[in-house]
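# Residue-level structural notes
Residues per chain are reported as follows:
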Amino acid sequence: MDREHLLSEFVSEARDLIDSAETSLLALEEEIETLGQGNPETLNKAFRFFHTLKGSSGLLKLETVVKITHLGETLLDILRNQNKVTEFDFSDDLMETLDLLRRIFDRVEEERTDSGFEQETEIIRNKLKEQLDRISKGSEKEKTTPESKFGFFEEETPPAPKGFGFFEEEAKPVIVEKIPAPSPEINPVIQEVQVVEKKKDIRITTDKLDQLMDFMGELVIAESNVIHHPELEGLRLEGFRSAARHLHKIVRDLQEVTLSMRMVPLSSTFQKMNRLVRDLQKRSQKKLDFKIGGEDTEVDKSVVEIIQDPIIHLLRNSIDHGLETPEERAELGKKDKGVIRLQARQSANEVWILVADDGRGLDREKIINKAREKGILKGNPEEMSDKEVFQLIFTPGFSTAEKLTDISGRGVGMDIVLQNIKKLNGKVEVRSKKGEGTTFILRIPLTLGIIEGTVFEVGGTYLTLPTIEISELVSLKDQKLIHPYKDQEVLDLRGIYIPVIRINDLLGLREKLEYKSKNPVLIILENEDRFLGILVDEVLGNQNIVIKPLSSSIQKAQGVNGFTILGNGRVSLILDTKFLFEKFHGTAATSSTGETSNLSLEKMA
């Protein structure tokens, strides 16, 4: 295996090591702050990550990385040799070291070299050397020589007569590419590597996963075309039906495995936010507790790639605008430490990511005044619900900040949040109470490729709803509908009043659909304890459907998430249930442009 291939594989491993080292350093900071001293095992973990990164980089001749990581592991080795670790003064320098290493490995990935960072490397090395010299001067009571205190590095550095003399210009660190002889210090590292090897994990490119997903989608369509082929209708083919059922089970199992390969936990994304919050807390000079929950929740890998930026902007906004200063919180009778929560949970076929704080909350009047000043306020604000008012903060350039900071206040962050979530066919909800805090809820589809759908027909047109959104199906053959007020029908279903609506009332269709069935069916949808009945001619059944995006000419069609190709070759639009509820209840979230679009079903078919 040549060096190019080894470097390509090592970049991913190096990034994991850097992230793990950062997590350990953050944990060490928190232990010292809350418990008064650091856990020795946390220190050992951070040290091992630096040591492993240095050793592997040396084998691949990444000399810049070796020079940096050598000093980092030396600092950590000094720290872990102390009886108690109650101070961690150089944490900022080590964090800057990790940031530089990330940039270096970005260059390694693109150009297969770690050169070009000479000035930045020298700055970081000087900072780390200053910390080593400071520790050396403060350790007069310990008369141990470098050989006895730092025997772990004696193969890499010549004996020095005093302090940390091996960092003087006359004796620069020597880069050793061979593996040191086994010793008690490095045994834990060797054991850890052996455990990793037993997992038998392999790394594959995301392109291959995308290809597999595409082929899986085509297989689902092909299977449906075969089983539901029009030429098979009315034929008694028991053997074929049995084989078809077996094929369907195999395709379903293969689909689940394929989808699971694309699902990744949110833990890596959430853990990266610890560093962000730490830095923002120092810059804003506010006290806060950052709490993470539900990081084991899994989402499609394409979601993880897009969701990071919205979370970052929401956290910056919560820290800069949401939380009060310790003095302000004391005046309000709150604890001096604010609380910011980052949580994830699965709800039906969605993943909810919540960013919440216990700070000022949104000021309705302030938002309305700012919107009026910018000329984006439409209608009477007295008639607007809080939900509608809060949606104004997502308008490009909108900000109620009284002054700009280097953290936020320019009016671009919230717009980015909304646009990124829209790319995932998701939604953003805001819940806030003045003086108590604000919660942002990012609602994102669990998977973006294949779902189980219920296909139905209205006026000869095929439409599809996600099966998981359907509560039940009710035949209206012997049912009597109630008319509580003009143009509105209601079904009394076991004491629950279900509003009955027609597709024409919800979608902006150019050609109205004509209901043909004398015995229509009501599809009962449920969303957050609300019910809605969709009147259809006939329910054709459930099947796995591949979600395909709408063409650019009809992407702005409201109420439609995409389309699929059915087994009989017909095209079926996939309806957006969340939009149907919002449209019916008169609270449909309006886009920043206010654009709507009529949709021609004939054009799709």
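Residues numbered from 1 in each chain as written. Predicted model: local features only at pLDDT ≥ 70, side-chain atom pairs only at ≥ 80, totals over all residues. Heavy atoms only, no water.

## Examining the overall build of the protein
Defined as follows: Elements are defined by DSSP. Helices are runs of H or I of four residues or more, strands are runs of E of two residues or more, and each kind is numbered from the N terminus. Any residue under 20% of the maximum accessible area for its type is buried, any over 50% is exposed, and the rest in between are partly exposed; the area is computed with a 1.4 Å probe on protein chains only. Only the protein chains shown count as cover for residues, and the accessible areas themselves come from Shrake-Rupley with a 1.4 Å probe.
Within the protein, the regular secondary structure consists of 18 helices and 18 strands. Expressed as a percentage of the 605 residues in the protein, the buried residues total 45%. On the protein, roughly 32200 Å² of surface is accessible, and the fraction owed to carbon and sulfur atoms is 49%.

## So, the packing of aromatic side chains
The line we're drawing: A pair of aromatic rings is counted whenever rings of Phe, Tyr or Trp (Trp by its six-membered ring) have centres within 6.5 Å, and the orientation is called stacked for planes under 30 degrees apart, edge-to-face for over 60 and tilted otherwise. Lysine NZ or arginine CZ positioned within 6 Å of the ring centre and within 35 degrees of the ring normal marks a charge as sitting over the ring.
Counted by the stated rule, this structure contains 1 aromatic pair. The interplanar angle of 70° and the centroid separation of 5.7 Å between the aromatic rings of Phe10 and Phe105 together place this pair among those described as edge-to-face. With Phe10 in helix α1 (residues 3-35) and Phe105 in helix α4 (residues 91-111), this residue pair connects regions lying 95 residues apart in the sequence. With respect to class, Phe10 is no different from Phe105; both count as buried. Residue placement shows Arg502 over the ring face of Tyr515; its charged tip is 5.8 Å from the ring centre.

## A look at the environment of Ser24
Threshold: By definition, residues are in contact when any of their heavy atoms lie within 4.5 Å.
Inspection of the secondary structure puts Ser24 in helix α1. The sequence separation of Ser24 and Glu41 amounts to 17 residues, and the corresponding C-alpha distance is 9.5 Å. With residues near it in sequence (within four places) discarded, Ser24 still touches Thr42, Lys45, Ala46 and Phe49.

## What about helix α11 (residues 301-322)?
Short version of the rule: A helix is expected to reach a length of 1.5 Å times the quantity of its residues less one. Across the chain, bend at a residue is computed as the angle between axes fitted to the seven residues ending at that point and the seven starting from it.
The end-to-end C-alpha distance of α11, which contains 22 residues, comes to 30 Å, matching closely the 32 Å that a straight helix rising 1.5 Å per residue would cover. Ile307 marks the point of greatest bend in α11, at about 35°, and the proline Pro310 comes within the next four residues.

## Structural notes on the pairing of strand β7 (residues 437-445)
For clarity, the cut-off: Pairing between strands is defined by DSSP: at least two bridges between the two strands are required.
Along β7, 8 of the 9 residues are buried, which leaves the element largely enclosed by surrounding structure. Relative to β7, strand β5 (residues 350-357) runs antiparallel, the two sharing 8 bridges. Bridge pairing in β7 places Val351 opposite Ile444. Bridge count between strand β6 (residues 427-433) and β7: 7 bridges; the pairing is antiparallel. Residue pairing across strands places Ser432 opposite Thr438, the latter belonging to β7. In textbook terms, the turn of a hairpin is the stretch between consecutive antiparallel strands, and for β6 and β7 this stretch comprises 3 residues, one of which, Gly435, has a positive phi near 85°.

## Some remarks on the pattern of salt bridges
We count it as follows: For this analysis, a salt bridge means a side-chain nitrogen from Lys or Arg found within 4 Å of a carboxyl oxygen belonging to Asp or Glu.
The tally for this structure, following the rule as stated, stands at 43 salt bridges. Its salt-bridge partner being Lys337, residue Glu33 comes within 3.6 Å of it at the nearest N-O pair. Taken together, the positions of Glu33 in helix α1 and Lys337 in the loop between α12 (326-331) and β4 (338-347) put the pair 304 residues apart, joining distant regions of the chain. Owing to a relative accessible area of 57%, Glu33 belongs among the exposed residues under this scheme. Where Lys301 meets Asp210, a salt bridge forms, and the shortest distance between an N and an O atom there is 3.3 Å.

## Observations concerning the sheet that holds strand β12 (residues 488-493)
Which entries qualify depends on this criterion: Lines are fitted to the C-alpha atoms to define the axes, a helix being fitted only along its stretch in contact, and any angle between axes, read from their N-to-C directions, falls within 0 to 180 degrees.
Judged by pairing direction, the sheet is mixed, and its 6 strands sit side by side in the order β10-β14-β15-β13-β12-β11 without closing on themselves. Here the strands that pair on one side only, and so sit at the sheet edges, are β10 (470-475) and β11 (482-485). Strand-to-strand twist in this sheet, taken as the mean axis angle between neighbours without regard to direction, amounts to 35°. Strand direction decides the pairing type here: strand β13 (residues 496-502) and strand β15 (residues 530-536), joined by 3 bridges, are parallel.

## Brief notes about the nonpolar core
Under the convention used in this document: To qualify as a nonpolar core, a set must consist of buried Ala, Val, Leu, Ile, Met, Phe, Trp, Tyr and Cys residues joined through side-chain atoms within 4.5 Å.
Membership of the largest hydrophobic core comes to 47 residues, with the highest contact counts inside it found for Ile311, Leu315, Ile353, Phe394 and Leu442. Here the element with the most residues in this core is α11; it accounts for 7 residues. With residues up to four places along the chain from it excluded, the contact list for Leu315 reads Met273, Leu276, Val277, Phe290, Ile340 and Val355. Core analysis: the next-biggest nonpolar cluster, separate from the first, contains 42 residues, Ala14, Leu75, Met95 and Ile104 among them.

## Let's talk about the packing of helix α3 (residues 63-80) against α4
Quick note on the threshold: Angle categories are assigned with fixed cut-offs, so that under 35 degrees is roughly parallel, over 145 is roughly antiparallel, 65 to 115 is roughly perpendicular, and the rest are oblique. By convention, the crossing between two helices is left-handed when the near helix turns anticlockwise from the far helix through less than a right angle, and right-handed when the turn is clockwise.
Remark: α3 packs on α4, axes separated minimally by 11 Å, with the N-to-C direction vectors making an angle of 160°. Classed by the angle they form, the pair α3 and α4 counts as roughly antiparallel. The two elements α3 and α4 cross, and the hand of that crossing is left-handed. When α3 is examined against α4, the residues Thr64, Val65, Ile68, Thr69, Gly72, Leu75 and Leu76 are found in contact with a partner set consisting of Leu94, Thr97, Leu100, Leu101, Ile104 and Phe105.

## Considerations on the packing of helix α10 (residues 267-284) against α11
Note the threshold: Three residue categories are used. Nonpolar comprises Ala, Val, Leu, Ile, Met, Phe, Trp, Tyr, Cys and Pro, charged comprises Asp, Glu, Lys and Arg, and polar comprises the others, including Gly.
Interhelical geometry of α10 versus α11 gives an angle of 25° and a closest axis separation of 10 Å. Judged on the interaxial angle alone, α11 and α10 are roughly parallel. Every pair of crossing elements has a handedness; the one defined by α10 and α11 is right-handed. Mapping the contact onto sequence places Thr269, Phe270, Lys272, Met273, Leu276, Val277, Leu280 and Ser284 in α10 and Val304, Ile307, Gln308, Ile311, Ile312, Leu315, Arg316 and Ile319 in α11. Partitioning the contact of α10 with α11 into residue classes produces 11 nonpolar, 3 polar and 2 charged.

## Looking at the environment of Arg107
Condition: The definition of a polar contact used here is a pair of N or O atoms within 3.5 Å, where within protein one atom must be able to donate a hydrogen and the other to accept one, and adjacent residues in sequence count solely through side-chain atom pairs.
The residue Arg107 is located in helix α4 in this model. Sequence separation between Arg107 and Phe117 is 10 residues, and the spatial gap between their C-alpha atoms is 9.6 Å. Setting aside anything within four residues of it in sequence, one finds Arg107 in contact with Arg112, Thr113, Ser115, Gly116 and Phe117. Only 2.9 Å separates the side chain of Arg107 from the backbone oxygen of Ser115, close enough to count as a polar contact.

## Brief notes about helix α17 (residues 577-584)
Think of an α-helix as turning once every 3.6 residues; residues three or four places apart then point the same way. Along α17, 6 of the 8 residues are buried, which leaves the element largely enclosed by surrounding structure. Within the sequence span of α17, burial applies to Thr577, Lys578, Phe579, Leu580, Phe581 and Glu582.

## Remarks on the confidence of the model for the protein
Our working definition: A residue's pLDDT is the predictor's confidence in that residue, given on a scale from 0 to 100.
For the protein, per-residue confidence averages 79 on the pLDDT scale, and residues scoring 70 or more make up 81% of the total. The low-confidence segment residues 143-198 (pLDDT under 50) makes 71 contacts with residues lying over four places distant or belonging to another chain. Overall, residues 587-605 carries pLDDT values under 50, and its contacts beyond four positions in sequence, including any with other chains, amount to 37 contacts.

## Things to note about the sheet that holds strand β16 (residues 538-546)
The strands making up a sheet associate through backbone hydrogen bonding, with each pair oriented either parallel or antiparallel. An order of β16-β8-β9-β18-β17 is seen for the 5 strands of this open sheet, with the pairing classed as mixed. Edge positions in the open sheet fall to β16 and β17 (560-565), since each of these has one partner strand only. Neighbouring strand axes in the sheet, compared pairwise and without regard to direction, differ in orientation by 35° on average. Pairing geometry for strand β9 (residues 461-466) and strand β18 (residues 571-575), over 2 bridges, is parallel. Within β18, the residue paired with Leu463 across the bridge is Leu573. The strands touched by helix α8 (residues 206-227) are β8 (450-458), β16 and β17; relative to β16, the strand with the most contacts, the crossing angle is about 150°.

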